[in-house]
Each structure stands twice: as structure tokens, then as C-alpha cells.
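Next come the chains, spelled out residue by residue.
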Amino acid sequence: GYNIYTNTPHFFTIAIPPKWHIVETTPSQEGSSLIQTDGPALLSITSFKAPNPNLEEYLANLQDGRTATKTNPVKVGSYDGVERLESWPKTSQQPLVTYVQIQDKMYLFTLLPANGKNAIANDTLLADYRSVLSTFNLTTTTALGVEWVEYITSKVDGLSFPAFRFTHPQSWAVKESSENGTLTVSIYRNNYEISVYQAPVGGAV
């Protein structure tokens, strides 16, 4: 009995309970959708270009003084996300926020207390919220992760090798380290890593 909501500009669909309804949408580059639940809460869905190469770095750089009082790994559709019970000092609210990054897109699902409430205390509403997130589905992935960035390595003193450059998806992180005349560059995302190693090996390799 759920109704399908499609957000074409941000490539996703979700299914919402029959008593929930869309309040407003902003189909811009940093668009958001606001959904009225059947409890004292609003569900805000925001999508924007990910400012960091991975979700962990994004969460580590959150501003506005918001803090997480409880954090859990969750699934948003088939994707790995993080659910946080947050404390917002500016509004004295404790919303439940779920974050998921898919290639170069960040999706935020925020369950906001309404009607003068400061926190979500309705277990049925929380169950419905998580049920809605489980229905998240991408309509297309052709526009995700298409923007690549260039990285130029350092030139290591004492090595005859020149610096080199490569391009990589912006959802991958790059780490460079130099020690004792060697250079190690790692390009990684989630549990996968490519390493490039420069070192004086006497022509053996």
C-alpha cells in the first residue's frame, strides 16, 4: 500500500506509507524534498554533490555544532549508510539523520521533530522511517561519478623518477607518503586500494 515517490533530478525513488504526503520539493542542484509523516515529524530528503571523497571524512567535518549521541551502520536500499541520533544546539532538537554517499552524490534523510517536539519518541514512526529508507532505489547511475579529478605527485629528492599524474573518480581518496627516498601513493575507496610505489631498486625492477 506504499506510494512511490520519484525524484528525477537526483536519480532516486522511495516508497512512502499511504498516510504520508509530499509537502514540497526543490528540484535544484542541491534539492530537497519535505515529506509530512503521520506522526509529529517531518522527513527531509536532501541530495547534493559530495564535498568529500568518502562519507567518513564528510561526517568528521560537519559544522554547526551538531553532535551525534548515537551512531549505527545501516542500509539505505542496498547501500551502506550511517544513522545518527544528533543534537542540534541551535534549535534544541534531536533529529534522526541517515547519511549515505553513492559515488559523487550525498543523500541525507532527516527525521525532524515537529509540533513543538524536541525528539522522536514514537517507535512506530521510527520503524516506518527505516522501512522507507529500505525502499531507496537509484533510477540511474549514468550521471554518478562521471567527474574525475587530477592528482600530481611530489618529486622525491634522491630519486631519478619524475613526478607523475593521474586522474581518479572524486569519490576515491588519495594519500601520499614519502620516507627514506621512497614514495608511496594510495588511491582508495571503501575496502579497495591501488598503491603506486617508487623506490631506488638498482634497476632490478
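Residues numbered from 1 in each chain as written. Predicted model: local features only at pLDDT ≥ 70, side-chain atom pairs only at ≥ 80, totals over all residues. Heavy atoms only, no water.

Draft legend 1. Region of interest: the nonpolar core. Ranked by size, the top nonpolar core spans 27 residues in total, and within it Phe12, Ile14, Leu43, Tyr107, Phe109, Leu111 and Phe136 carry the most contacts. Counting residues per element, the ones that place at least two in this core are strand 2 (12-16), strand 5 (41-49), strand 6 (67-76), strand 8 (96-102), strand 9 (105-113) and helix 2 (123-134). By residue number, the principal contributor to this core is helix 2, which donates five residues. With sequence-adjacent residues up to four places away left out, Ile14 is seen in contact with Asn3, Ile4, Tyr5, Ile35, Ile45, Val132, Thr135 and Phe136. Of all hydrophobic cores here, the second largest spans 13 residues; its members include Leu59, Val82, Tyr99 and Met106. (Core = buried A, V, L, I, M, F, W, Y, C linked by side-chain atoms within 4.5 Å. Buried < 20%, exposed > 50% of the residue type's maximum accessible area, 1.4 Å probe, protein only. Helix = DSSP H or I, 4+ residues; strand = E, 2+ residues; numbered from the N terminus. Contact = heavy atoms within 4.5 Å.)

Draft legend 2. Summary view of the environment of Asp104. With respect to the secondary-structure elements, Asp104 resides in the loop between strand 8 and strand 9. Placed 53 residues apart in sequence, Asp104 and Pro51 show a C-alpha to C-alpha distance of 8.3 Å.

Draft legend 3. Quick look at the packing of aromatic side chains. Summed over all chains, the structure comprises ten aromatic pairs. Taking the centre distance of 6.1 Å and the plane angle of 45° together, the rings of Phe48 and Tyr58 count as tilted. In this pair, Phe48 sits in strand 5 while Tyr58 sits in helix 1 (residues 55-60), placing the two residues ten residues apart along the sequence. With respect to burial, Phe48 and Tyr58 carry one shared label: buried. Relative to Phe136, the ring of Phe109 has its centre 5.7 Å away and its plane inclined at 85°; by these criteria the two rings are edge-to-face. Linking Phe109 in strand 9 with Phe136 in the loop between helix 2 and strand 10 (137-138), this pair joins segments that are 27 residues apart in sequence. Accessibility classification places Phe109 together with Phe136 in one group, the buried group. (Phe/Tyr/Trp six-rings, centres within 6.5 Å; stacked < 30°, edge-to-face > 60°.)

Draft legend 4. Focus on unusual backbone geometry. Here the phi dihedral of Ser92 falls at roughly 60°; this positive angle occurs in a residue that is not glycine. Of note in this structure, Gln103 is not a glycine but carries a positive phi near 55°.

Draft legend 5. Representation of the pairing of strand 6 within the structure. With nine bridges connecting them, strand 6 and strand 7 (residues 79-87) associate as antiparallel partners. Bridge pairing in strand 7 links Asn72 to Glu83. Linkage of strand 6 to strand 7, two consecutive antiparallel strands, is achieved through a turn of two residues, within which Gly77 is found at a positive phi near 65°. (Pairing = 2+ DSSP bridges.)

Draft legend 6. Inspection of the sheet that holds strand 10 at higher detail. Read from one edge to the other, the open sheet built from three strands follows the order 1-2-10, with strand pairing classed as antiparallel. Across the chains shown, the open sheet's two edge strands, defined by having one partner strand only, are strand 1 (3-7) and strand 10. By the bridge criterion, two bridges tie strand 2 to strand 10 in an arrangement that is antiparallel. Each residue of the ladder has a partner; that of Thr13, found in strand 10, is Asn137.

Draft legend 7. Seen up close, helix 2. Its twelve residues place the ends of helix 2 17 Å apart at the C-alpha level, agreeing with the 16 Å of an ideal helix rising 1.5 Å per residue. Restricting attention to buried positions, one finds in helix 2 the residues Leu125, Leu126, Asp128, Tyr129, Val132 and Leu133. In an axial view of helix 2, the angular spread of the buried residues amounts to 160°, which keeps them on one side of the axis. In helix 2, the exposed positions that point more than 90 degrees away from the buried face belong to Asp123 and Thr124. Buried residues along helix 2 sit in contact with strand 2, strand 5, strand 6, strand 7, strand 8 and strand 9. (Expected span 1.5 Å × (residues − 1). Arc of directions from axis to C-beta.)

Draft legend 8. View of the side chain of Thr98. Structurally, Thr98 is set in strand 8. We classify Thr98 as buried; its relative accessible area is 0%. A distance of 2.7 Å separates the side chain of Thr98 from the side chain of Tyr129, its partner in a polar contact. Ignoring anything within four residues of it in the chain, the contact list for Thr98 reads Val74, Val76, Val82, Glu83, Tyr107, Leu108, Phe109, Tyr129 and Leu133. (Polar contact = N/O pair within 3.5 Å; in protein donor to acceptor, adjacent residues only side chain to side chain.)

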